[in-house]
Amino acid sequence: MAAAEAQASAVCSGMAGAGLAAVGDGTAGPDMAGAGAAAEAEASGPAVAEAPPPPLPGLQLLQQGAEALVYRGLFLGRPAVAKLRIPKRYRHPALEERLSRRRTAQEARSLLRCRRAGIPAPVVYFVDYVTNSVYLEDIADSVTVQDHINSVQRNGNDTSSLLVLGEKMGELLAKMHDEDLIHGDLTTSNILMRPPMEKLDLVLIDFGLSFVSGLPEDKGVDLYVLEKAFLSTHPDTEMMFKALLKSYAAASKKSGPVIKKLDEVRLRGRKRSMVG
Amino acid sequence: MDLPHRLELFPDCSVTLLLFNHVKNAAALRKKAMEGSIEGALINPAMIVDPFQILVAANKAVHLHKIGKMKTRTLYAEIIFNLSPNNNISDAFKKFGISDNDEALLIVLVVDREKTVNLEDIISQVEGQQVSLDELPQLTDIVKVKKVYKVTPQEEKIGTLVDSIVCRMSTKDVL
């Protein structure tokens, strides 16, 4: 067991070193763990359980985010995504455990809340509170809105379709906020599109930072985060975001105060004052 | 009879499902189950929509069993409890376990690699006809399932019934 743990912690630090180079090849994932373990011997930390890659058939490392390692594989016969939280060793172990557990629980709770309200989000298959990992439905052949926008802009064709996409996004977010659900990390890489792209079948993911709130302030900030992510990642999308907000305002019954707060938050933002 | 399903996270465990119809001795079997003299979880197939639902319940049960955090006393009781959308154990048994005058029965077995389970022995205790799992949809009471799991109409638009059920099963302990 100790050997496995030491290797596992080396997996994570090995992966961190390699960064996104780890993405892609299925067999490379677990094998890199071997190489990583040889290269970086690391004392296993205290209390927090380190999760080795789950033994799922067809295992493939999808991505390493700041919070978690995301794998794809078959779980109980279904295509699934396994999110294994990365323990942050700089945190005090008690805090780390509590925070990790809270984020995992929030994610599970929010995903159920979404589904109950008819908001498309992945189905939760299993939550492991020991390693704070979640096993979710894999949205097959999906593309992030981020990748989609990039590809449409690169091909230069049909940029008006992006406006319609913006409207659909606005509708979806309105629905979510009307349920008093705050996503907490709205970016274009946290919204997926199911094929075919023309259907604009959107799915929200990554609810690790989500919480419940009816306050227009919180909803306004949620939208502000998205706006910032939008404009910094995707140049020339001001019209698209405008369409998003317009559609949001039309679709949500409580949108008035929210948009007002959004304007206020924009004024508050970083580096707004022209003082030297 | 279907092949046993391997649990990926617990490679030594496999789950076998046995479906029976025209069962005459449900009352006696239920008594045996309560005494612990029959191997397996005895489940009412009317509440089961898809074998995946059972696998999710079994996976969670084995996980909790391994870390000593089950809510019930036995692995098989835990599987039945996990099927329920709420945290009331006796309610789970009432809704998902078999009742005395049930005519259909689903037996779920979880087998460790070292142990051997005598399927013939279990099958012989059931006074009924063993049928293929393909017949499960005919035995499902969809109306009752939707009612017990409180599936909303909006939810039905974004996924299948199994999706709604499984989501509730896996997140009920955090609510």
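Residues numbered from 1 in each chain as written. Chains lettered and ligands numbered in written order. Predicted model: local features only at pLDDT ≥ 70, side-chain atom pairs only at ≥ 80, totals over all residues. Heavy atoms only, no water.

By the naming in an unreviewed UniProt entry, chain B is EKC/KEOPS complex subunit TPRKB, taken from Calypte anna. Check the Sequence similarities (unreviewed entry) section of the UniProt entry for chain B; it says "Belongs to the CGI121/TPRKB family." (UniProt positions renumbered as here; feature names shortened; annotations may be inferred.)

Q: Can you help me understand unusual backbone geometry in this one?
A: Note the cis peptide between Pro195(A) and Pro196(A), where omega equals -5 degrees. By the element assignment, Pro196(A) lies in the loop between β8 (191-194) and β9 (201-204). Backbone geometry places Lys150(B), a non-glycine residue, at a positive phi of 50 degrees. The exposure class of Lys150(B) is exposed, given its relative accessible area of 63%. (Helix = DSSP H or I, 4+ residues; strand = E, 2+ residues; numbered from the N terminus. Buried < 20%, exposed > 50% of the residue type's maximum accessible area, 1.4 Å probe, protein only.)

Q: Where do I start with the confidence of the model for chain A in this structure?
A: Reading predicted coordinates in detail is not appropriate for stretches of low pLDDT. When pLDDT is averaged across chain A, the result is 82; 79% of the residues are at 70 or more. This stretch, residues 1-47 of chain A, has a pLDDT under 50; its non-local contacts, to residues over four places away or in other chains, come to 43 contacts. (pLDDT = per-residue confidence, 0-100. Contact = heavy atoms within 4.5 Å.)

Q: Honestly, the sheet that holds strand β3 (residues 78-85) of chain A in this entry has me stumped. Any pointers?
A: Note on sheets: strands pair through backbone hydrogen bonds, and any given pair is parallel or antiparallel. Pairing is antiparallel in the open sheet, where five strands are placed in the order β1-β2-β3-β5-β4 (chain A). Pairing within the sheet leaves two strands with one partner each, and these edge strands are β1 (60-64) and β4 (124-128) of chain A. Across the sheet, the mean angle from the axis of one strand to that of its neighbour is 20 degrees, orientation sign disregarded. Two strands pair when backbone bridges link them, and strand β2 (residues 68-75) of chain A and β3(A) are joined in this way by eight bridges, in the antiparallel orientation. Within the sheet, the bridge partner assigned to Ala68(A) lies in β3(A) and is Arg85(A). Here helix α9 (residues 161-171) of chain B sits on the sheet in contact with β3 and β4 of chain A, set at roughly 10 degrees to β4(A). (Pairing = 2+ DSSP bridges. Axes fitted to C-alpha atoms, helices over the stretch in contact; angles between N-to-C directions.)

Q: What is the right way to read the pairing of β3(A) from this model?
A: The two faces of a sheet get side chains in turn, since along a regular strand they alternate between them. Burial of β3(A) is extensive: six of the eight residues sit out of reach of the surface. Joining the antiparallel neighbours β2(A) and β3(A) is a turn of two residues, in which Leu76(A) adopts a positive phi near 50 degrees.

Q: What is the right way to read empty space enclosed by the protein from this model?
A: Where empty space is left can be seen by rolling a probe of water-molecule size over the atoms. All names here are of chain A. Within the structure shown, the criterion is met by three cavities of 30 Å³ or more. Approximately 40 Å³ is the volume attributed to the second largest cavity. Considering the residues around the second largest cavity, the lining is formed by Glu-67, Arg-85, Ile-86, Lys-88, Arg-91, Glu-96, Leu-99, Ser-100 and Arg-103. Among the elements that take part in the lining of the second largest cavity, helix α3 (residues 93-116) stands out by supplying four residues, more than any other. Tallied by class, the residues present in the lining of the second largest cavity amount to two nonpolar, one polar and six charged. (1 Å grid on protein atoms, 1.4 Å probe; cavity = no way out; pocket = protein on both sides within 12 Å on 5 of 7 lines; lining within 4 Å. Points joined across faces, edges and corners; volume = space filled by probe spheres on them. Nonpolar A, V, L, I, M, F, W, Y, C, P; charged D, E, K, R; others polar.)

Q: Can you walk me through helix α8 (residues 255-268) of chain A in this structure?
A: The periodicity of an α-helix, 3.6 residues per turn, causes residues three or four positions apart to be oriented the same way. All names here are of chain A. Between its first and last C-alpha atoms α8 spans 20 Å; for 14 residues at 1.5 Å apiece the expected length is 20 Å, and the two agree. Looking at α8, one finds that the buried residues are Ser-255, Val-258, Leu-262 and Val-265. Relative to the axis of α8, the buried residues are bounded by an arc of 80 degrees and lie together on one face. Among the exposed residues of α8, those oriented more than 90 degrees off its buried face are Lys-260 and Leu-267. The inward-facing, buried residues of α8 contact α6 (216-233) and α7 (238-251). (Expected span 1.5 Å × (residues − 1). Arc of directions from axis to C-beta.)

Q: Just checking my understanding: could you explain the side chain of Asp138(A) for this structure?
A: Residues and elements named next belong to chain A. Position of Asp-138 among the secondary structure elements: in the loop between β5 (133-137) and β6 (143-144). You can call Asp-138 buried: its relative accessible area is 12%. Among residues more than four places away in sequence, those in contact with Asp-138 are Arg-72, Pro-79, Ala-80 and Val-81.

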